[in-house]
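Chain by chain, the residues:
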Amino acid sequence: MQQLSDSELLGLVAQRDEVALRELVERHSAWLLLRLRRRTPDSDLAAEALHDAFVAVWRSPRSFRGDGDVGAWLWGIAIRQLASRLRKRAQPVPVESRMLSALSPAVRSAEDELLVAVEHGSVGDALRCLSPELRQVLQATVIDGLSTREAAHLLGIPQGTVKSRARIAKSKLREQLISLEAW
Amino acid sequence: MSWHVDAPVWDAYAAGRLDPAAELSLESHLTGCPDCRAAARSQVAPAAVDEVWSRVRLTISAPAHPLSQRAMRRLGVPADDVVVVSAADSFMVPWAVAVGFALVSACVVGLAGLGPANRDVVFLALVPLVPVLAVVASYDALDPLREVVAATPYSKLRLALLRATAALAVALPATMAIGFVVPDMEDLALAWLAPSLGLTLAALVLLTWFEAWVTGGLVTSAWVTVVALLRIGDQVDSLATPVVQVAFLVAAGGLSLALVLRTSTLRIQGGEL
Amino acid sequence: MTAIASFEGVSKKYGRAPALRPTTLDLQRGVVGLLGPNGAGKTTMLRLLSTALPPSTGRIVVAGFDVTASHANRVEARRRIGYCPQEVTFPRGMTAFDFLDYLGVLKEWKDSSRRHDEVQRVLDLVHLADRGAMKVSKLSGGQRRRLAIAQALIGSPDLLILDEPTTGLDPEQRASLRGLLSGLPGTVLISTHQTEDVSALCDRVLVIDAGAIRFDGTVPELLATAAGRVHLGPTPTSGAVQTWKTGTGLVRSVGGQPAPDSSVVDPSVEDAYLLLRSERHTPQGVNR
């Protein structure tokens, strides 16, 4: 079981193999939990979102498209479960399998690609100039790949605010990058 | 990749001490880097992962509720009764027996080419027995788990009634339909209900003494004999008269009382309640 | 020690044939093994004790409730009994979890979340924790056997009655079942043909034959009945109950007159059982 790849494990999960699901849980729980906890101060809620995510995987393992990274797909499910839990704290709304299949590697714009390549110094410097509110929105929409609506649920702010902050953040980033390059 | 996330970096990330840009770059780096994800394990207590797994396992192995069960829940049936009714075999067998018998009755009455008088006779002889067979088939004699169930504290009468109710919920509409679908049966379409109630209760009382198959045989043959005798005396139509109908209802009341008495004083028996 | 269950002059007849002759017996804490050939009355005894079957005569008391007296007493007793018959036919289409959930309801676990926890606990006990979501029809024979045992464990009964629990299990599964049973706090009554189960597990042995108890005592007491009566030598002893050639080429003889060149060896539970069976007319052992 431990030698199998993530997508092979998903194949076994589709055949109702609990041991395979367990291996996925063992493999991915730690980093997913840490990352979820960075999105909510409530670590119980993070654990619940992770639980919902693996249950969703069990119910529709075939919604993963054979290409792409299983880890990224899992994160996409987990962060949406968290957003949905935050929206209705009492009653989680299951993420539909149709949506799960849409989660496979997100198509990013060239601008986003640039942003994702933050390990290259200049973008990092530019990011540092953004306020925490603007950064949060960028994180949710670009790194986590959430829609405006989902990001609004996750951050607990209106959709309009998400849109405007994202716009401001991106233009500020652009300005910063241009000025940095010119420099 | 030019770099990897090691334990100290995860440490800083988990504590929120990482520089915002570094945090973003770490998160985007995680896509497609199993080694760095694995390094996160040192930051999370194994118990937390075990907890996630044990809760996931419980959720996925708890029965998923099919449509029929959710419908029952919505109608106000208690959750534990739903579990009992849904135990596949015990639900399907009585259902199949009742519906199958109802269909056979319908075919005999509708298609056998009988004269109108004989049609009434066959209708009144067979149709009231549909619920009786549903109840008898619901009883523990046909339960594959009979022996296991016998040693549980759950009331066997309650079990039989729950299953019978579930079977009747499907069988009764089917039986009703016979009266309305078969031509020229409208006058008797509801006349069978009172006799059927009486016969079903009689079967339940007999079940406290006899095995299910004996009970089914006794009630069925007794009723068919009665109807046949009425036919010989040309009295079949009397079954539909108000007096006889009320008499059946009174008998049903008496039998319910007998059932309550029997169940409260029952000693060990083949038909243990 | 107080008895968790007792038989007072209990007998059972099917028609005219006696399945169990009048029997008086007390069961205390610990694992009790019921040993006997097919048709000896083992299953009848277990079914009587489990309240699945009424006796023809006598009184059966479980956890202080006379189950022969009233229905209310039987219900009380059943709350304290876990019973796994020899053959369990599973309803079609159920998953392992569904099956245990259903039995949980029948054992009066009304609260569904507590019941689900209990189901998961017993699945863990029989090492089926990962098979809960699997259809029973997809389980192997050994797994089904363990599932049947799991339902008897629901609610940690004071009196656990298992009819041939080790049949169909491989050696590992048998050993793990022994570990499970020996760790239970209450009374466990198991029937078995397998004499190794008895010597490995049981605090007390009952040997039953033709509807009557032939021996009642501890494993050492059972072995003592065969002391000095099992021999190993080049030739079989005359009048032996059983003889067979062992791997070393010598002949092991149970009972009979030993030849001068044979030596006495330590008896096994099986030897003692075979000897008891050959002397079916003279009851042995300590009657408690």
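What counts and how
- Residues numbered from 1 in each chain as written.
- Chains lettered and ligands numbered in written order.
- Predicted model: local features only at pLDDT ≥ 70, side-chain atom pairs only at ≥ 80, totals over all residues.
- Helix = DSSP H or I, 4+ residues; strand = E, 2+ residues; numbered from the N terminus.
- Buried ≥ 20, exposed ≤ 12 C-beta atoms within 10 Å, placed from the backbone.
- Contact = placed C-beta atoms within 7 Å.
- Pairing = 2+ DSSP bridges.
- Axes fitted to C-alpha atoms, helices over the stretch in contact; angles between N-to-C directions.
- pLDDT = per-residue confidence, 0-100.
- Core = buried A, V, L, I, M, F, W, Y, C linked by C-beta atoms within 7 Å.
- Nonpolar A, V, L, I, M, F, W, Y, C, P; charged D, E, K, R; others polar.
- Parallel < 35°, antiparallel > 145°, perpendicular 65-115°, else oblique.
- Left-handed = near helix turned anticlockwise from the far one by under 90°.

Participant: Got a minute to help me understand the overall build of chain A in this structure?
Facilitator: Helix and strand counts for chain A come out as ten helices and zero strands. Secondary structure elements of chain A, listed N to C terminal, follow the sequence α-α-α-α-α-α-α-α-α-α. Taken over 183 residues, chain A has a buried fraction of 43%. The long-range fraction of contacts in chain A, counting pairs at least 24 apart against all pairs at least 6 apart in sequence, stands at 63%.

Participant: Which parts of the structure should I look at to understand the overall build of chain B?
Facilitator: When helices and strands are tallied, chain B shows 14 helices and zero strands. Along chain B, helices and strands appear, N-terminal first, in the series α-α-α-α-α-α-α-α-α-α-α-α-α-α. Long-range pairs, those at least 24 residues apart, make up 76% of the contacts in chain B with a sequence separation of at least 6.

Participant: Which parts of the structure should I look at to understand the sheet that holds strand S5 (residues 65-66) of chain C?
Facilitator: By way of backbone hydrogen bonds, the strands of a sheet pair with one another, either parallel or antiparallel. Residue and element names in this part refer to chain C. Ordered in space as S2-S1-S4-S5, the four strands form an open sheet in which the pairing is antiparallel. Every other strand in the sheet has two partners, leaving strand S2 (17-27) and S5 as the edge strands with one partner each. Sheet topology places strand S1 (residues 5-14) next to S2; seven bridges connect them, and they run antiparallel. Within S2, the position partnered with Lys12 by the bridge is Leu20. Sheet contacts for helix H1 (residues 42-49): S1, S2 and strand S4 (57-62); angle to S1, the most-contacted strand, approximately 120°.

Participant: I'm lost on the confidence of the model for chain A in this one. Help?
Facilitator: Caution applies to low-pLDDT regions: their predicted coordinates should not be interpreted in detail. Residues and elements named next belong to chain A. Overall, the prediction assigns chain A a mean pLDDT of 77, with 77% of residues at 70 or greater. Confidence, read as mean pLDDT per element, is least for helix H5 (residues 97-101) in chain A (48) and greatest for helix H2 (residues 18-37) (91). Here residues 90-110 scores under 50 on pLDDT; set against residues more than four positions off or in separate chains, the count is 33 contacts.

Participant: Help me out: how do you make sense of the sheet that holds strand S7 (residues 159-163) of chain C in this one?
Facilitator: Residues and elements named next belong to chain C. The sheet built from six strands is open, its strands ordered S6-S7-S8-S3-S9-S10 with mixed pairing. The sheet is open, and its two borders are formed by strand S6 (81-84) and strand S10 (212-217), each paired with just one other strand. Averaged over neighbouring strand pairs, the angle between their axes works out to 15° when direction is ignored. Pairing analysis gives four bridges linking S6 to S7, with the strands arranged parallel. Looking across to S7, one finds that Cys84 is bridged to Leu162. In the packing of helix H5 (residues 141-153) onto the sheet, contacts are made with S6 and S7, and the angle to S6 comes to roughly 165°.

Participant: What exactly am I supposed to notice about the pairing of strand S11 (residues 230-233) of chain C here?
Facilitator: Sheet faces and side chains relate simply in a regular strand, where the side chains alternate between the two faces. Residue and element names in this part refer to chain C. With four bridges connecting them, S11 and strand S13 (residues 251-254) associate as antiparallel partners. Note that in S13 the partner of Leu232 across the bridge is Arg252. Sheet topology note: the S11/strand S14 (residues 263-264) ladder contains two bridges and is antiparallel. Bridging across to S14, His231 finds its partner in Val264.

Participant: What am I meant to see in the nonpolar core here?
Facilitator: Where a protein is soluble and globular, its nonpolar side chains tend to be buried together. If you look at the biggest cluster of nonpolar residues, it comprises 140 residues, and the most contacted ones within it are Ala98, Leu133, Ala134 and Ala203 of chain B together with Leu100 of chain C. The biggest single contributor to this core is helix H11 (residues 156-181) of chain B, with ten residues. Contacts of Leu100 of chain C, omitting those with residues within four sequence positions, involve Val119, Val122, Leu123, Ala150, Gln151 and Ile154 of chain C. Grouped together as the second largest cluster of nonpolar side chains are 60 residues, Val55, Ile79 and Leu146 of chain A together with Tyr13 of chain B included.

Participant: Explanation requested: unusual backbone geometry in the structure shown.
Facilitator: Residues and elements named next belong to chain A. With a phi angle near 60°, Arg16 is a residue other than glycine that sits in the positive phi range. Turning to its location among the elements, Arg16 is positioned in the loop between helix H1 (6-14) and H2. Here Arg16 falls in the partly exposed class, since 17 other C-beta atoms lie within 10 Å of it.

Participant: Which parts of the structure should I look at to understand the interface of chain A and chain B?
Facilitator: Buried accessible area, meaning the area lost when the parts come together, often serves as the stated size of an interface. If you look at the interface, chain A gives 30 residues, while chain B gives 31 residues. Elements supplying a minimum of two residues to the side of chain A that touches chain B: H2, helix H3 (43-59), helix H4 (70-87), helix H7 (121-128) and helix H8 (132-143) of chain A. No other element matches H2 of chain A, which puts eleven residues into the side of chain A that touches chain B. Per-class residue counts for the side of chain A that touches chain B are 15 nonpolar, six polar and nine charged.

Participant: Even after reading the chapter, I still don't get the pairing of strand S12 (residues 242-245) of chain C, so can you show me in this structure?
Facilitator: All names here are of chain C. As defined by bridge partners, S12 adjoins S13 across four bridges and the pair is classed as antiparallel. Bridged to Thr243 within S13 is Ser253. Turn length for the S12-S13 hairpin, with the two strands adjacent in sequence and antiparallel, is five residues, and the turn residue Gly249 shows positive phi of about 95°.

Participant: Help me out: how do you make sense of the packing of helix H8 (residues 116-126) of chain B against helix H13 (residues 212-232) of chain B in this one?
Facilitator: For any two helices packed against each other, one specifies the crossing angle of their axes together with the interaxial distance. All names here are of chain B. For the pair H8 and H13, interaxial distance at closest approach is 9 Å and the crossing angle is 160°. Considering their axes alone, H8 and H13 lie roughly antiparallel with respect to each other. Where H8 crosses over H13, the two elements pack in a sense that is right-handed. Facing H8, whose interface residues are Val121, Leu124 and Ala125, H13 presents Trp223, Val224, Val227 and Arg231. Of the residues contributing to the contact of H8 with H13, the split by class is six nonpolar, no polar and one charged.

Participant: How do you make sense of the confidence of the model for chain B when you look at a structure like this?
Facilitator: All names here are of chain B. A residue-level look at chain B finds 87% of positions with pLDDT of 70 or above and a mean pLDDT of 79. Segment residues 267-273 is flagged for pLDDT under 50; beyond a separation of four residues in sequence, or across chains, it makes 19 contacts in the model. Across the assembled chains, the prediction reports ipTM 0.83 with pTM 0.68.

Participant: Could you clarify how one ought to interpret the packing of helix H6 (residues 79-86) of chain B against helix H3 (residues 96-106) of chain C in this entry?
Facilitator: Contact geometry of H6 of chain B with H3 of chain C gives a least axis separation of 9 Å together with a crossing angle of 125°. When the interaxial angle is binned, H6 of chain B and H3 of chain C end up oblique. As for the relative orientation of H6 of chain B and H3 of chain C, their crossing is left-handed in sense. Side by side, H6 of chain B and H3 of chain C meet where Asp80, Val83 and Val84 of chain B of the first sit next to Asp101, Tyr102 and Val105 of chain C of the second. The residue inventory of the contact of H6 of chain B with H3 of chain C, partitioned by class, reads four nonpolar, no polar and two charged.

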